Amino acid sequence: MALENHPMWRLPKHHLDLKSSHDHVHWVELFYDLIHVVIIFLLGNFLSDHLHLSGFLTFAGLFITVWFAWADSSVFNSLYVSTDVKHRLIMACQIVTAMVMAASIPHVLDKGWTYFALAYAANRLITAYLFHRTNQLGIESTKLARSVSRNYFALAIIFATTAFMPAPYSYWVFGTAIAAIQVLYMAPKIGVLENKRFLPRLGHMSERFALLLLIVLGEGFFKLVITLSEKGIYKVDPSVLANFMFGGIAVFVQCWIYFDFVGNGKPKNQHKWTLVSWWLAHLFLMLCAVMVGVALAGEVKAGFWQPYPLKYGVIGCVGLAGYLLSLLWIQLMIEHRVAHRFATAKVRMFGVILALVTIPILPHVPSLIGNILWGTALISQIAYPVTRAYFTLSKEEANS
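Reading the values: the criteria
- Residues numbered from 1 in each chain as written.
- Predicted model: local features only at pLDDT ≥ 70, side-chain atom pairs only at ≥ 80, totals over all residues.
- Heavy atoms only, no water.
- Helix = DSSP H or I, 4+ residues; strand = E, 2+ residues; numbered from the N terminus.
- Expected span 1.5 Å × (residues − 1).
- Buried < 20%, exposed > 50% of the residue type's maximum accessible area, 1.4 Å probe, protein only.
- Arc of directions from axis to C-beta.
- Contact = heavy atoms within 4.5 Å.
- Axes fitted to C-alpha atoms, helices over the stretch in contact; angles between N-to-C directions.
- Parallel < 35°, antiparallel > 145°, perpendicular 65-115°, else oblique.
- Nonpolar A, V, L, I, M, F, W, Y, C, P; charged D, E, K, R; others polar.
- Core = buried A, V, L, I, M, F, W, Y, C linked by side-chain atoms within 4.5 Å.
- Phe/Tyr/Trp six-rings, centres within 6.5 Å; stacked < 30°, edge-to-face > 60°.
- Lys NZ or Arg CZ within 6 Å of the ring centre and 35° of its normal.

Peer 1: Could you give me a rundown of helix 11 (residues 345-361), with the residues and numbers involved?
Peer 2: Given a rise of 1.5 Å per residue, 17 residues ought to cover 24 Å, and the 25 Å separating the end C-alpha atoms of helix 11 matches this to within 8%. Within helix 11, the full set of buried residues consists of Val 347, Arg 348, Gly 351, Val 352, Leu 354, Ala 355 and Thr 358. Seen end-on, helix 11 carries its buried residues on one side only, within an arc spanning 165°. Structural note: helix 11 exposes Lys 346, Ile 353 and Pro 360 on the side pointing more than 90 degrees away from its buried face. Looking at the buried residues of helix 11, the elements they touch are helix 8 (238-261), helix 10 (310-333) and helix 12 (367-399).

Peer 1: Tell me about the side chain of Ser 170, and please be specific about residues and values.
Peer 2: Along the chain, Ser 170 falls in helix 6 (residues 169-186). Each residue touching Ser 170, except ones within four places of it in the same chain, is listed here: Trp 113, Thr 162 and Met 165.

Peer 1: Give me the lowdown on the packing of helix 11 against helix 12, citing residues and values where you can.
Peer 2: Pairs of packed helices are described in terms of their axes, by the angle between the two and the distance that separates them. Axis separation between helix 11 and helix 12 bottoms out at 8 Å; the angle between their running directions is 175°. One way to sum up the angle between helix 11 and helix 12 is to call them roughly antiparallel. Along its contact with helix 11, which presents Val 347, Arg 348, Phe 350, Gly 351, Leu 354, Ala 355, Thr 358 and Ile 361, the element helix 12 presents Gly 370, Leu 373, Trp 374, Thr 376, Ala 377, Ser 380, Gln 381, Tyr 384 and Pro 385. A per-class count over the contact of helix 11 with helix 12 returns 10 nonpolar, six polar and one charged.

Peer 1: Break down the nonpolar core for me, with residues and values.
Peer 2: Grouped together as the largest cluster of nonpolar side chains are 118 residues, with contacts concentrated most on Trp 67 and Tyr 323. Element by element, the count of residues in this core is highest for helix 9 (residues 272-295), at 16 residues. When sequence neighbours within four positions are dropped, the list of residues in contact with Trp 67 reads Phe 209, Leu 212, Trp 279, His 282, Leu 283 and Met 286.

Peer 1: Could you give an account of the packing of helix 8 against helix 10, with specific residues and numbers?
Peer 2: The geometry of helix 8 relative to helix 10 is characterised by a closest axis approach of 10 Å and an angle of 10° between their N-to-C directions. Considered as vectors, helix 8 and helix 10 are oriented roughly parallel to each other. Touching Gln 254, Ile 257, Tyr 258 and Phe 261 of helix 8 are Tyr 323, Leu 324, Leu 327 and Gln 331, all from helix 10. Considering only residue class, the contact of helix 8 with helix 10 consists of six nonpolar, two polar and no charged.

Peer 1: Outline the packing of aromatic side chains, supporting the account with residue identities and numerical values.
Peer 2: A full pass over the atoms with the stated rule returns 30 aromatic pairs. Note on Trp 113 and Tyr 171: the rings are 5.0 Å apart at their centroids and 85° apart in plane angle, and the pair reads as edge-to-face. With Trp 113 in helix 4 (residues 112-136) and Tyr 171 in helix 6, this residue pair connects regions lying 58 residues apart in the sequence. Judged by relative accessible area, Trp 113 falls into the buried class, the value being 8%. With a centroid separation of 5.3 Å and 80° between ring planes, the pair formed by Tyr 390 and Phe 391 is classed as edge-to-face. Looking at Tyr 390, the relative accessible area reads 56%, which means it is exposed. Through successive ring pairs, a cluster of aromatic residues spans Trp 67, Phe 68, Trp 70, Tyr 185, Phe 198, Phe 209, Trp 278 and Trp 279. The ring of Phe 41 carries Lys 223 above its face, with NZ or CZ at 5.3 Å from the centroid.

Peer 1: With reference to specific residues and values, describe the environment of Asn 264.
Peer 2: Of note, Asn 264 is situated in the loop between helix 8 and helix 9. Between the C-alpha atoms of Asn 264 and Tyr 129, which are 135 residues apart in sequence, the distance is 29 Å. In this view, Asn 264 contacts Ser 206, Glu 207, Ala 210, Tyr 258, Phe 259 and Arg 337; residues no more than four positions away in its chain are not counted.

Peer 1: Explain the environment of Lys 111 residue by residue, including any values.
Peer 2: Summarising the element assignment, Lys 111 is placed in the loop between helix 3 (85-104) and helix 4. When its relative accessible area of 68% is taken as the criterion, Lys 111 is described as exposed. Sequence separation between Lys 111 and Tyr 323 is 212 residues; the distance between their C-alpha atoms is 33 Å.

Peer 1: So what's going on with the environment of Ala 163? Residues and values would help.
Peer 2: As for its position among the elements, Ala 163 is in the loop between helix 5 (144-161) and helix 6. Residue Ala 163 is classed as buried on the basis of its relative accessible area of 6%. On a C-alpha basis, the gap between Ala 163 and Arg 197 in space is 35 Å, while along the polypeptide they are 34 residues apart. Not counting residues up to four positions away in its chain, the partners in contact with Ala 163 are Trp 113, Thr 114, Ala 117 and Leu 118.

Peer 1: Lay out unusual backbone geometry in plain terms, naming residues and giving numbers.
Peer 2: If a residue is not glycine, its phi is most likely negative; likewise, a peptide bond is most likely trans. Cis rather than trans, the peptide bond between Ala 167 and Pro 168 has omega equal to 5°. Of note, Pro 168 is situated in the loop between helix 5 and helix 6. Of note in the backbone geometry, Asn 264 takes a positive phi value of approximately 60° without being a glycine. What makes Asn 264 partly exposed here is its relative accessible area of 44%.

Now the structure itself:
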């Protein structure tokens, strides 16, 4: 067997140049995703420790920053099927940069910023090199790889310089560079999305989104379990345990409504703005999922008869509303499913409105009532479509 036929020595290829390519995620990509378990957990801790407007904005900025680094690396692996030894070693280096970013998050507003910015710059430099390598090997005949590599290389230098700039200028320059990445993708005529070869394996990206969402939602379980274990499970009364269990069910239902209605769904067409909307909707969906996960820690901070911790409650209600709106946004961007007949925009908006209406009520009612209102907003999103689908499809079957 020739070396070039073995995955460890086979050079990267654009998926459009292969006779056949599968959409399944490679184990190297899965391992890269694993470090994001830690990153998401530490981001959740950061938000828990900074439950005020400026803290939330910092959390959101950090989440978006890390998400784009993950997503851009995922796009490369979706465009170019890469399994050779050198690619694996490059990905190992990228994993290390993500580790440093994760370790910097708790102190990112202080001395940790230098490490975060340098690690982020190195991460983007590695992504630039991945594209440069395909161009150097002659794998990409168009200017796609060369353009993306040049863009990331220039931005990596800017990210690195912010490590040594005084705050808040460092944050503003860094944020501007993050925005520039998206402009370089989407700008009319000159954006990378204008290149017909910039078409990732959509099934592959759908699977990557689904896997990362599982990681993001899993942060809610971490928060619940760790908060209760630190408090001492033997010290709390039964109502706190009931709230704790409700929180676990809430995380499960979030997974359920994603995978039944949009999970692993491919965009309905390849138009630029359909792809961009599908991409951005997943970003906001995951951001809101982390918010809900953080808020669920409040379940073990109060029993049935005390008001739900207000700051946690606000984060949870806004997060749920955003999660459902993002879910609807994705649903409108992907291929039609039978389940879409029953999970309509009206159903989603019912959950959104009820979640937001719950916010001003929280300080004045026991957490039991708050959980019933918030839980109704969430659980209705699966209970109503499933019930309606059962009766509708049963009737159609009987009449056929």
